[in-house]
Amino acid sequence: DSSRPLLIAASMNLENKRMRPKPHFVDFLHTIMTFIDYDVGTDQFNTWLGGLNALAAEPGTRVSDIAYFIHSVSDLIRDNIIFSSSSVKWKTTASRFSFSNDTAFVVDIPESDIICYAQRDSTIIYDTRGSYSTVDKIWKGNGGIIDWKKAGFPEEEMFAQAGSYSIDLTGPSFEMDSVLFTNKTYFDEAIYGKLADRAINISKPGNSPYPKFESYQKTFFLEDIYENINFRGGLAFEGAKVIGKGQAYMPAVIKIFRNDTVVVKAEADNFIFNRESIQTQSTSFTLYLGKDSIYHSDIAFSYNVPGRELNTFKSRFPTSRSPYFNSYHKMDMYFDYLSWKMDESLISLSRARGASIGQAYFESNSYFSEKEFLDLMGIDDYHPLFRLRSFAEWYYSDTFPVDELARWMKQRNEDVMALCIDLANKGFIFFDRLNNEVTIKQKLHDYISAYGKKKDYDVMSIFSETRSPVDNAILNLRDYKMDINGVPGIFLSDSQNVRIFPYDRSILLEENRS
């Protein structure tokens, strides 16, 4: 019949490649029997033999490639396996398929689901069609649906529709461009972007980092992303997490409202949203007190959605140890943890979570110490505060890049970076770590003026130490008065040696340190 010459040619080609009776010829006969047992048509059988002969006749073809070509078709016919290795397996739900052999042997799969199995997990592309080569092991698909069920979302609530795409079948992951993404929680209409998915073992749906989707659109404005919270920025979806993303000089922004008034603004390179929280390790944080505010340029931030509790705290970044700038009380404030249950009017400034002792330090914006001024200079020939002021005058701006300052100072970037971090932590500058920029605070100018006897100053500083459950300070949002606890004494004047010793080691701080 029509298959006989092709079979003879295939046997001779295998012999010429010095393929062994076992396992190679045994696998060859096994595959032939698979075609017969599963009633695959003669045309398809002949097309496969033609592909085998073309591959075996190529001088550079390896024996392992021919062996894989033979048994892979048997796997497909018997078990719907598109590709299989020790680490990954791809299957189709299609019961029928076809072969073509125009310029190369290709397996065509009609509309079906294709499934990747790896690490005791799977990922599925639903209702897709495509073809693949058993030689290069690349799947070329068109259409299909990827949902977020493994991340815990209903399939009709969050999914992506694929266009044309390709997958390297030897791995457990894939990426797609120009997918159309639907998320009924965040968007009224589907949006375009890129998708990545991977079969990876997860302990529970809430921990799944896949599928991932990132929109091409870089800025969205979403009102009430949670109750009384608005968001502006880019969006990416990573499994159960939603990532609010910013760009250089255009951070993602969260605004939190209370009684229809913005009370908190947080700007960050990224925020992590899930059903119960908002988190970021680094944010520019502003808490509004009427026309004034409490500000920190680089602090960790979290918001518990069910409990409506906001927290800020020190992160692994050294600039998080810089002070909060309080324009209402005219103080720089050093403490570990800010906590506010937003249905209440009291904000606690206190110890880190889990600590039994809390220490805080409050320093007047007009504070000056000649000893500390001279200590800043160390063994340098030129005082760092004068150098920063001189550079700002040369640069015509109080905000400038650290690398420009290093070039002007003719010092290594690393050394100038360390200097700027130290000055930020002492309250002289704001440090924008993401854009590697600093902004000179008024305190730097005032310190220089006070040293030159050109400006009045004070030495008011307040040290607080408390034991749990007493907080270092409580800020009342009704009148903005701040109770500071654990205060052994306050030094008010060095020239007149004036000190006060608070009754019950507690003081009440009002506007402008009064």
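Just above sits the structure.
Residues numbered from 1 in each chain as written. Predicted model: local features only at pLDDT ≥ 70, side-chain atom pairs only at ≥ 80, totals over all residues. Heavy atoms only, no water.

(A) Representation of the overall build of the chain within the structure. Looking only at helices and strands, the chain features 9 helices and 35 strands. Relative to the globule expectation of 24 Å for 514 residues, the C-alpha radius of gyration of the chain, 34 Å, shows a markedly less compact shape. Looking at the chain residue by residue over its 514 residues, the buried ones come to 49%. The contacts of the chain with a sequence gap of at least 6 include a subset with a gap of at least 24, amounting to 53%. Within the structure as shown, the chain displays about 25500 Å² of accessible surface, and the carbon and sulfur contribution to it stands at 48%. Measuring between centres, the 57 positive side-chain charges of the chain sit 4 Å from its 69 negative side-chain charges. (Helix = DSSP H or I, 4+ residues; strand = E, 2+ residues; numbered from the N terminus. Rg over C-alpha atoms; globule rule 2.2 N^0.38 Å. Buried < 20%, exposed > 50% of the residue type's maximum accessible area, 1.4 Å probe, protein only. Contact = heavy atoms within 4.5 Å. Areas by Shrake-Rupley, 256 points an atom, 1.4 Å probe, with all protein chains shown as cover. Lys, Arg positive; Asp, Glu negative; His and termini not counted. Charge placed at Lys NZ, Arg CZ, Asp CG, Glu CD.)

(B) Structural detail: the layout of surface pockets. In this structure, the largest pocket occupies an estimated 420 Å³ of space. Among the residues making up the lining of the largest pocket, the classes are represented as 9 nonpolar, 9 polar and 6 charged. (1 Å grid on protein atoms, 1.4 Å probe; cavity = no way out; pocket = protein on both sides within 12 Å on 5 of 7 lines; lining within 4 Å. Points joined across faces, edges and corners; volume = space filled by probe spheres on them. Nonpolar A, V, L, I, M, F, W, Y, C, P; charged D, E, K, R; others polar.)

(C) Summary view of a nonpolar patch on the surface. Among the surface-exposed residues, Trp394, Tyr395 and Trp408 lie close enough to one another that they form a single nonpolar patch of about 310 Å² accessible area. Locating Tyr395 in the fold gives a position in helix 6 (residues 384-395). (Patch = residues over 30% accessible without salt bridge, like charges linked within 9 Å, V, L, I, M, F, W, Y side chains within 5 Å. Salt bridge = Lys/Arg side-chain N within 4 Å of Asp/Glu carboxyl O.)

(D) Layout of the packing of helix 3 (residues 42-57) against helix 4 (residues 63-79). Contact geometry of helix 3 with helix 4 gives a least axis separation of 10 Å together with a crossing angle of 170 degrees. Comparing the axis directions of helix 3 and helix 4 gives the class roughly antiparallel. Contacts between helix 3 and helix 4 involve Trp48, Gly51, Leu52, Leu55 and Ala56 from the first element and Asp65, Ile66, Phe69, Ile70 and Val73 from the second. Across the contact of helix 3 with helix 4, the residue classes tally to 8 nonpolar, 1 polar and 1 charged. (Axes fitted to C-alpha atoms, helices over the stretch in contact; angles between N-to-C directions. Parallel < 35°, antiparallel > 145°, perpendicular 65-115°, else oblique.)

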